[in-house]
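# Remarks on the overall topology
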Amino acid sequence: LPVLSKTARTSSPLPRSSDTSSDIHCRWAAVFQEDRLLEHLNAADNLRFVLGPAYDAVRAEALLCELGLVGVGEKAVRDYSGGMKRRLSLARALLAPADALALDEPFTGLDAENRAAALRCILRAAEKKPVLLAAHESLSLPDGGSVISL
């Protein structure tokens, strides 16, 4: 899918079942308006709980580091800042086994540096799957990706 504005349309389909063209089988991962984290758990345990057998400690640690959440260790999520919670929510969606991503305000509470890191991670994910991105602010997105910006 190309990078689109909120008024654009696309004819590119989501992944379809090989059995019948009328059945769409697509697993979505999401960042919701609320972070929806387990406040009493740390970052790794939040990811492990949600991802289950898909949890990969090496991938998780690398993404948390890229998102600026290195060294949070055993700190409970309830003690995180709003921006830290948002980045953990984004990591959870990016690590989930999914065919597409729906991201509602993924940059809320992030400073410029963390926003840029989050956008890099989102754009990398968009190289492999469609991303539906809702944001109030204007985004500068490269051409040729699969991000639909609303």
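In this text the structure is predicted, and so the values were computed from the model without any measurement. (Residues numbered from 1 in each chain as written. Predicted model: local features only at pLDDT ≥ 70, side-chain atom pairs only at ≥ 80, totals over all residues. Heavy atoms only, no water.)

## Details of unusual backbone geometry
Of note, the phi angle at Arg36 is positive, near 55°, even though the residue is not glycine. Not every positive phi belongs to a glycine, and Glu105 is a case in point at roughly 55°. Tracing the chain through its elements places Glu105 in the loop between strand S2 (100-104) and helix H4 (112-126). Using a relative accessible area of 11% as the deciding quantity, one classes Glu105 as buried. (Helix = DSSP H or I, 4+ residues; strand = E, 2+ residues; numbered from the N terminus. Buried < 20%, exposed > 50% of the residue type's maximum accessible area, 1.4 Å probe, protein only.)

## Topic: the packing of aromatic side chains
The geometry of an aromatic ring pair is captured by the separation of the ring centres together with the interplanar angle, meaning the angle of the planes. Within this structure, the stated rule accounts for 0 aromatic pairs. Of note, Arg36 hangs over the ring of Phe32, and the distance from its end group to the ring centre comes to 4.5 Å. Residue placement shows Arg115 over the ring face of Phe107; its charged tip is 5.0 Å from the ring centre. (Phe/Tyr/Trp six-rings, centres within 6.5 Å; stacked < 30°, edge-to-face > 60°. Lys NZ or Arg CZ within 6 Å of the ring centre and 35° of its normal.)

## Here we look at the packing of helix H1 (residues 43-51) against helix H3 (residues 82-95)
In contact at an axis separation of 10 Å, H1 and H3 are set at 35° when each is read in the N-to-C sense. In the packing of H1 onto H3, the handedness of the crossing is right-handed. Residue-level contacts link Ala43, Asn46, Leu47, Val50 and Leu51 of H1 to Leu88, Ala91, Arg92 and Leu95 of H3. When its residues are assigned to classes, the contact of H1 with H3 shows 7 nonpolar, 1 polar and 1 charged. (Axes fitted to C-alpha atoms, helices over the stretch in contact; angles between N-to-C directions. Left-handed = near helix turned anticlockwise from the far one by under 90°. Contact = heavy atoms within 4.5 Å. Nonpolar A, V, L, I, M, F, W, Y, C, P; charged D, E, K, R; others polar.)

## Focus on the pattern of salt bridges
Applying the stated criterion to the full structure yields 6 salt bridges. A salt bridge links Arg27 to Asp99; its shortest N-O distance comes to 3.5 Å. Placement of Arg27 in the segment before strand S1 (28-31) and of Asp99 in the loop between H3 and S2 is noted, with a sequence separation of 72 residues between them. Under the relative-accessibility criterion, Arg27 is labelled partly exposed at 46%. Since its relative accessible area comes to 23%, Asp99 is described here as partly exposed. Among the salt bridges present, the one from Arg36 reaches Glu34, with a minimum N-O distance of 3.1 Å. On the basis of relative accessible area, Glu34 is assigned to the partly exposed category, the value being 43%. (Salt bridge = Lys/Arg side-chain N within 4 Å of Asp/Glu carboxyl O.)

## Observations concerning the side chain of Glu105
Buried and unpaired, Glu105 has Arg86 as its nearest opposite-charge partner, separated by 6.7 Å. Within the structure, Glu105 has its side chain in polar contact with the backbone nitrogen of His136 (distance 3.0 Å). Setting aside residues up to four positions removed in sequence, Glu105 forms contacts with Arg86, Ala134, Ala135, His136 and Glu137. (Lys, Arg positive; Asp, Glu negative; His and termini not counted. Polar contact = N/O pair within 3.5 Å; in protein donor to acceptor, adjacent residues only side chain to side chain.)

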